[in-house]
Amino acid sequence: MTKSSKKQVASICLLLVSSVCLQVLAQDWSFSSYPVQGNVYMLEPANTMGNVGVFVGDDGVLLVDSHFSFSVAELLGEIRKISDKEVRFLVNTHVHPDHISGNGVLADYGVTVIAHDDVRLRMLSELRIPRRGGVFRPKPEANALPVITYSDALTFHLNGEEVRVFHAPPAHTGGDSFVYFVGSDVLHLGDVFRTRRYPIIDHYNGGSFLGMIDAMELAIDLAGPNTKVIPGHGTAFSDREGMKQYHQLLTTLRDRVQGFIDQGGSLDAMLAEQLTGDLDSDWGDDPGWTATDLLPIIYQELSE
Ligand SMILES: [Zn+2]
């Protein structure tokens, strides 16, 4: 966070003493950048919230996701190490705050914000997000809203290659976008794909566990042996093999929960069973979202 951003937050905190302010000041808002492949880079935030995709070339810079308003100065500073071209476009993969909250500041710099129709619609009101019990986030400012939305697919012709943005089946949310950089052969899957973490299904915002299996099958079919994949969160980019392992996790969870339902087991009995005991060491890397959060959602969906 820059000195002026810190001053801004500190002065607001003097008026509104809150734990949120203290959390903002205490956070490390810096990024590390990694070349993924071709013209695509991944900026990984130190606070592990929301990886940002960066596509560079002679025509300008396209971003995938905007992280938080407080970190835009750090974000732009890191981008400047990669490219001195204008940041022209921003695609939001979905509506969660760690992927859209930098929109307004970037829009004020002249960046055009693009998202699926569903994202803009949900940004018009207060947002409930799937942390335990459902946490509410205020409605974003008007300048943060996407100015271009799409329903099925959208293609950029930029920096000498095609960038295909398309609507994934309902998965993490109902408005997930996948972004495929065709020439560079890089996929950005937003939060549909998390390495070493159980999938978050945001049932407040149209997400679906079974849809997530379909979405990953779509991504795996699209990928070739050399495709690199940027996850919404996670310390490293992945590939088709990584997506197959994740898909295997999803189908294993589906089959185990279905087996329990078929035997007439209740949700409470299933949760007492330690159904994922052998999987937690590989996939339980997020203390804020464990198998205990995910299994009831799968149970509910398979019981419908
Ligand atoms: Zn998310």
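Refer to the preceding data block for the structure.
All figures in this text were calculated on a predicted structure; none of them were measured in a lab.

## So, the overall build of the protein
The helix and strand inventory of the protein stands at 11 helices and 15 strands. The C-alpha extent of the protein, read off along each of the three principal axes, is 60 × 50 × 35 Å. Sorting the 304 residues of the protein into buried and exposed places 52% on the buried side. Counting every atom, the protein has about 13500 Å² of accessible surface; 51% of that belongs to carbon and sulfur. Charge centroids of the protein, computed over 23 positive and 39 negative side chains, lie 6 Å from each other.

## Description of the sheet that holds strand β13 (residues 186–188)
One open sheet accounts for 6 strands, arranged β10-β11-β12-β13-β14-β15; its pairing is mixed. Edge strands, defined here as strands with exactly one partner in the open sheet, are β10 (153–158) and β15 (238–239). Note: strand β14 (residues 228–230) against β15, 2 bridges, orientation antiparallel. Of the residues in β15, the one forming a bridge with K228 is D239. Across the sheet, helix α7 (residues 209–222) lies against β11 (161–167), β12 (177–181) and β13, angled at about 5 degrees from β12, the strand it touches most.

## Section: the sheet that holds strand β6 (residues 112–116)
The 7 strands lie next to each other as β1-β2-β3-β4-β5-β6-β9, forming an open sheet whose pairing is mixed. Lying at the two open borders of the sheet, with one neighbouring strand each, are β1 (31–37) and β9 (148–150). The sheet shows a mean angle of 25 degrees between the axes of neighbouring strands, taken without regard to direction. Pairing geometry for strand β3 (residues 52–55) and strand β4 (residues 61–64), over 3 bridges, is antiparallel. If you follow G53 over to β4, its bridge partner there is V64.

## Observations regarding the coordination of the zinc ion
Only H94 (NE2), H96 (ND1), H172 (NE2) and D191 (OD) from the protein coordinate the zinc ion, and they sit 2.2 Å from it. Here the zinc ion is ringed by 4 donor atoms whose angles at the metal span 84 to 169 degrees, and the overall shape comes out irregular. Sequence spacing of the donor residues for the zinc ion, all on one chain, is H-x1-H-x75-H-x18-D. Remark: D191 occurs in the loop between β13 and α7 and H94 occurs in the loop between β5 (87–91) and α4 (97–100); sequence separation between them is 97 residues. For the pair shown, H94 and D191 are each scored as buried.

## Looking at helix α8 (residues 240–262)
In an α-helix there are 3.6 residues to a turn, and that puts residues three or four apart on one side. The end-to-end C-alpha distance of α8, which contains 23 residues, comes to 32 Å, matching closely the 33 Å that a straight helix rising 1.5 Å per residue would cover. Burial in α8 covers these residues: G242, M243, Y246, H247, L249, L250, T251, T252, L253, V257, F260 and I261. Two or three places before E241, at the start of α8, stands the capping residue D239, its side-chain oxygen 3.2 Å from that residue's backbone nitrogen. Within two residues after α8, G264 carries a phi angle of roughly 80 degrees, on the positive side.

## What to know about the packing of α7 against α8
Think of two packed helices as two axes; the pair is described by the angle between the axes and how far apart they sit. One way to put it is that α7 packs onto α8 with a least axis distance of 10 Å and a crossing angle of 155 degrees. By the criterion of interaxial angle, the relationship of α7 to α8 is roughly antiparallel. In terms of crossing hand, the pair formed by α7 and α8 is left-handed. In contact with F209, L210, M212, I213, M216, E217, A219 and I220 of α7, α8 contributes R240, M243, K244, Y246, H247, L250, T251, L253 and R254. The residue inventory of the contact of α7 with α8, partitioned by class, reads 11 nonpolar, 2 polar and 4 charged.

What counts, and at which threshold
Residues numbered from 1 in each chain as written. Predicted model: local features only at pLDDT ≥ 70, side-chain atom pairs only at ≥ 80, totals over all residues. Heavy atoms only, no water. Helix = DSSP H or I, 4+ residues; strand = E, 2+ residues; numbered from the N terminus. Buried < 20%, exposed > 50% of the residue type's maximum accessible area, 1.4 Å probe, protein only. Areas by Shrake-Rupley, 256 points an atom, 1.4 Å probe, with all protein chains shown as cover. Lys, Arg positive; Asp, Glu negative; His and termini not counted. Charge placed at Lys NZ, Arg CZ, Asp CG, Glu CD. Pairing = 2+ DSSP bridges. Contact = heavy atoms within 4.5 Å. Axes fitted to C-alpha atoms, helices over the stretch in contact; angles between N-to-C directions. Donors = N, O, S within 2.8 Å, 3.2 Å for Na, K, Ca; no water. Tetrahedral: all angles 85-135°; square planar, octahedral: opposite > 155°, others 65-115°. Expected span 1.5 Å × (residues − 1). Polar contact = N/O pair within 3.5 Å; in protein donor to acceptor, adjacent residues only side chain to side chain. Parallel < 35°, antiparallel > 145°, perpendicular 65-115°, else oblique. Left-handed = near helix turned anticlockwise from the far one by under 90°. Nonpolar A, V, L, I, M, F, W, Y, C, P; charged D, E, K, R; others polar.

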